[in-house]
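Given next are the chains, with one letter for each unit.
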Amino acid sequence: MHALLLATLMFFQQAATYSGTQNKIDVDIPRLEAEGVQVDGVLDEEVWAQAARLTDFSQYQPVDGRPASDPTEVLVWYAADAIYFGIKATELHGDVVRATQANRDNIASEDHVQILLDTQNDNQIGYLFGVNALGVQQDGTRSDQFGGGAGGRSATGGGSSNINALDGSVDLNPDYTFTSRGRLTPTGYEVEIRIPFKSLRYQGAEVQEWGIHVLRKVQHSGFQDTWAPAVRANASFLGQSGSLKGLRDMNRGLVLDVVPTVTSAFNGAENPSGDWEYADDTQFGADVKWGIRQNLTLNGTINPDFSQVEADVGQVVLNERFALFFPEKRPFFLEGLELFDTPGQMIYTRRIVAPGGKVGKLNVATILAADDQDFSASGSDNPLFGVVRLRRDLNGNNTAGVVLTTREDGDRYSRLAGADGRFYHGGKYYVEAQAVGSWTDTGAGSVSGSFSNLSWDRTGRRWGFNYAVKAISPDFRAAAGFVNRTGVVDAHAYNRLSFYGEEGALVETVGGFVGITRIWDHADTGAGPIEGSDALWPSATLRGGWRLNGALTRSFYSYLPGSYDGYDVVASAGAATAAAFVVPDKETDQFSGSIGVTTPTFQLFTLSLNVAHAQIPIFSEASKGASRSYTVALDARPTSAIRASFQMQHYTLERKVDGSQYSKEIIPRLKVEYQLTPDIFVRVIGQYAAREREALKDREGNLIRINGELTSDTESNDLRMDWLFSYRPNPGTLLYLGYGSTMEDAGQQRFQDLRRLNDGFFLKLSYLFRVG
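Enquirer: For this particular structure, what's the right way to read a nonpolar patch on the surface?
Expert: The grouping of Trp463, Leu497, Phe499, Leu506, Val507 and Val510 at the surface amounts to a nonpolar patch, some 530 Å² of accessible area in total. Of note, Phe499 is situated in strand 27 (residues 488-500). Judged by relative accessible area, Phe499 falls into the partly exposed class, the value being 43%.

Enquirer: What's the story with the pattern of salt bridges in this structure? I'm lost.
Expert: A side chain with one charge can pair with a side chain of the opposite charge if their charged atoms come near. Under the criterion given, the structure shown has 27 salt bridges. Measuring nitrogen to oxygen at the nearest pair gives 3.2 Å for the salt bridge that ties Glu531 to Arg485. Linking Glu531 in strand 29 (residues 531-542) with Arg485 in the loop between strand 26 (463-472) and strand 27, this pair joins segments that are 46 residues apart in sequence. Here the two residues Glu531 and Arg485 agree in accessibility, since each one is buried. Asp534 is the salt-bridge partner of Arg554, the closest N and O atoms lying 2.6 Å from each other.

Enquirer: Looking at this structure, how should I read the sheet that holds strand 11 (residues 179-185)?
Expert: What holds strands together in a sheet is hydrogen bonding between their backbones, with the strands either parallel or antiparallel. The strand order across the open sheet formed by five strands is 3-5-6-12-11, and the pairing between neighbours is antiparallel. The open sheet has two free edges, formed respectively by strand 3 (52-54) and strand 11, since each of these has just one partner strand. Within the sheet, the average angular offset between the axes of one strand and its neighbour, ignoring direction, is 15 degrees. The pairing of strand 5 (residues 72-78) with strand 6 (residues 82-90) spans seven bridges and is classified as antiparallel. Counterpart to Val74 in the pairing with strand 6 is Ile87.

Enquirer: Help me understand the packing of aromatic side chains, please; the structure alone is not making it clear to me.
Expert: For any pair of aromatic rings, geometry is given as the distance between the ring centres together with the angle between the planes. Here the structure, examined in full by the defined rule, presents 31 aromatic pairs. Taking 5.0 Å as the distance between ring centres and 80 degrees as the angle between the ring planes, the aromatic pair formed by Phe129 and Phe178 counts as edge-to-face. Taken together, the positions of Phe129 in strand 8 (residues 125-132) and Phe178 in the loop between strand 10 (169-171) and strand 11 put the pair 49 residues apart, joining distant regions of the chain. In this structure an aromatic cluster arises from ring pairing among Tyr429, Trp456, Trp463, Phe465 and Tyr467. One cation-aromatic arrangement involves Arg232 over Tyr60; the distance from NZ or CZ to the ring centre is 5.2 Å.

Basis of the calculations
- Residues numbered from 1 in each chain as written.
- Predicted model: local features only at pLDDT ≥ 70, side-chain atom pairs only at ≥ 80, totals over all residues.
- Heavy atoms only, no water.
- Patch = residues over 30% accessible without salt bridge, like charges linked within 9 Å, V, L, I, M, F, W, Y side chains within 5 Å.
- Areas by Shrake-Rupley, 256 points an atom, 1.4 Å probe, with all protein chains shown as cover.
- Salt bridge = Lys/Arg side-chain N within 4 Å of Asp/Glu carboxyl O.
- Helix = DSSP H or I, 4+ residues; strand = E, 2+ residues; numbered from the N terminus.
- Buried < 20%, exposed > 50% of the residue type's maximum accessible area, 1.4 Å probe, protein only.
- Pairing = 2+ DSSP bridges.
- Axes fitted to C-alpha atoms, helices over the stretch in contact; angles between N-to-C directions.
- Phe/Tyr/Trp six-rings, centres within 6.5 Å; stacked < 30°, edge-to-face > 60°.
- Lys NZ or Arg CZ within 6 Å of the ring centre and 35° of its normal.

Take a look at the structure:
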C-alpha cells in the first residue's frame, strides 16, 4: 500500500431556496444561554421553558395525513456553540416502548426519533440525527436524490412496489459528534440532544434559515409520524420540511480535528511446505480536518484506512449471467459516499481494490487512487483511478451534474465523461436524464461506447409511476463504475395503485404494482425484444405492522449465441467424436411467483419469510429449468444488551427435461452482538456456504464440452467465522480487535473435518484530538 498525503477541500454554496412547497411551517428559534445545562435526559432546566415547541405531529406511514395516535413534543433552542433538542414522546398504549442498549446506528427496530437538519436550506441533503428512548445514537444523511449510490444504497420513487417506502436515499455511514441521553418515563420517554456547530457545515449568511424534519417511529403500531405535514403526493420529502428561522451569531470556534490511526493485520495461509505462517501488514496514518469557515473545509489524510471489518453477505451465484453487486463497507470510502451518486452507477468504489487517495466536497467530489492491484499484462504497472463528480443545485430542488472517470494502466486506459440532471415539475413529478460516453484502449485496439438513460416519475398518493428507457452500446466501458450488462436497450413501465383503509381497520394499506419490461439487442432493435417480463406485485400492511407481499411474473428469454462459443457435445466422457452444440430458440411463457410475510417489530423479535418458485432457463446449458427458493430472516432481541440476526437462503435449480438437480445452494448466516456498555460491544458472525453443481448437459442428456474440455461436478462447503471487539466512545476514537477465518468442511455439512483455508488477526486503533 502506498503511503500518500492527500487533501480534501469542501466548499458549500447555498442554492436558491426551494419554493415549491406550500404551507411551510416556520419556527422562530430562540438563542439562549447554555450555562448550567446538562445533557442527562431530564428536561428540568429553566431554559427548556423558553424553547420553541414543535407539536401537532401527523402520521406519514402507513397512511399520511391523519393525526398522530401518540403525542410528540420537541423543544428546540440554540446557544452560541450548539443547537439543543428536547424530545417528549408520549405513549398512550401502556408499557410498549421498544428500547435497548443497541450499538450505534442499530436502532431501526426500536422506538426512535430522527431529526433532519437541512443547514444549507436547499432541500438536497439533510443531516440525520436519530436517538432511541435511551439516547442510543443514529446519524448519517438523507437525500431525495438518485440513490443508485457509488457504494450501494437504494431509493424508491413513485413507481416503487413498496407503497410504504419513504422516497429518497438514507446513508447511515457518516458519523458526527453529538451528545444524547434518554430515559423511559411513566408516560413514554424523554431524550435530550446537543449538536455542536463544530459537527455541522452550514451557510455563511449573517441570519440563517434551516430546513427541519422530525420523524417518530412507534414500533408497537408500525406508525411513523412527522412534525411537518408531509404527504405522499409529492416528489420531494425534504421539500416538505419546516423551517428554523432567525439563526444568528453562531460560533463554531476553531474546527481542527486530528485523528492518528494504526491498523495491523496478520494474515495466515499455508506455505508451499505445508506449514502455517502469518504475514504482518501494519500501517500508520492520520486524518486532519480544518474548518476554515462554515462552508469551507480542508481535509488531509496520510495513508488512509481501507480495511473492511465485516464479510459480505453470501449471495446465490450458480445461475447468474451478470456480475453481482456488493455494497461498499470500507470506512475510507463511506465518508461522503452520497456525493458520488449518479443515475447509472458510473462510480462504484469497490472497483478500486487497494487505493491511494481521495478528494471531495459537496458540489465537487473527486477520487485519485493508485491501485496496488495489478491487472496489466506486463505485471509492471499499477492502475491509476481518477474520478470527478460535479453537481449543481438549481432552483426548485433541481440538479445538474457531470461525471468524469479514468482508469490508466500503462498504455491502456478506460475513460468516461457524462452529464445528468433531475428536474421536478408539478409537485408530484420529476424527469431524470443522463448521457455518457466512454473511450477504452484494451491493448488490442481502441473502442468507444455510449450510455443514455431517461426516466419520468410520478409520486402520487394513490397512483404513481416510473417510466424509463436505457440504451447501452456493446463497447461501453465504465472501469470505475458498475454496469454489468452492455449491448442492450432496456425499457420499463411501472404503475402503482395504492388504497388506504379506514382508521383502525384491519387492512391499513393495500397496493397493486404492475410492471412491464422489455430488452432489445442494441445492434438490432428492429428484430424485436430478446427478453422481457410482465409482472404484478401486490403488497399490504395490516394493523399492528404486519406486512404482506407477493409477485406473479410471466417472462421470456433468449439465449445469446455468443455466450456459447466453444461449446460442443459428446454422448459420453470417452466418446471419440463431438457434435455441434445447438443454441435453442427463445424461451417463452416462463411463469414465476413468490409470497412473503414480515411480522411487526415485537419486543423480542422480527421475522420475515419468503417462498418463491420460478420457471427459469439454466443459462450455462441453454435449457429449461425450474427453481425453488426459501428465505428466512430473524432479528432477535432476547435482552436489552443481546441482539441476534439469522438469515437462511435455500435455492435449488432443476432441469425441466428430466427433473434432475442442476445446482443447490444453502447459505445460513448468524450474527450475534453483545453490548456490554454504550461504548463497548462484542460481535461474532458465522456464515456457511454450501454449493453444488452438476456437470453441464444439453437437452438430450449429452455432455457439454467448452473449448474441448468436459465440465465436472463441483461442490464446496465453506465456513466463515469473524470475531470483533469494539470500543468506540465517540466518532474518531475507536479500538477494534478482530479475528476471522475461512474453513473448508470436507465432511460435507457435518463439521467433522474442518480444514482451515486462511485466517487473520486484525487491530485498528485511532484517537480523535479535537482542538479548540
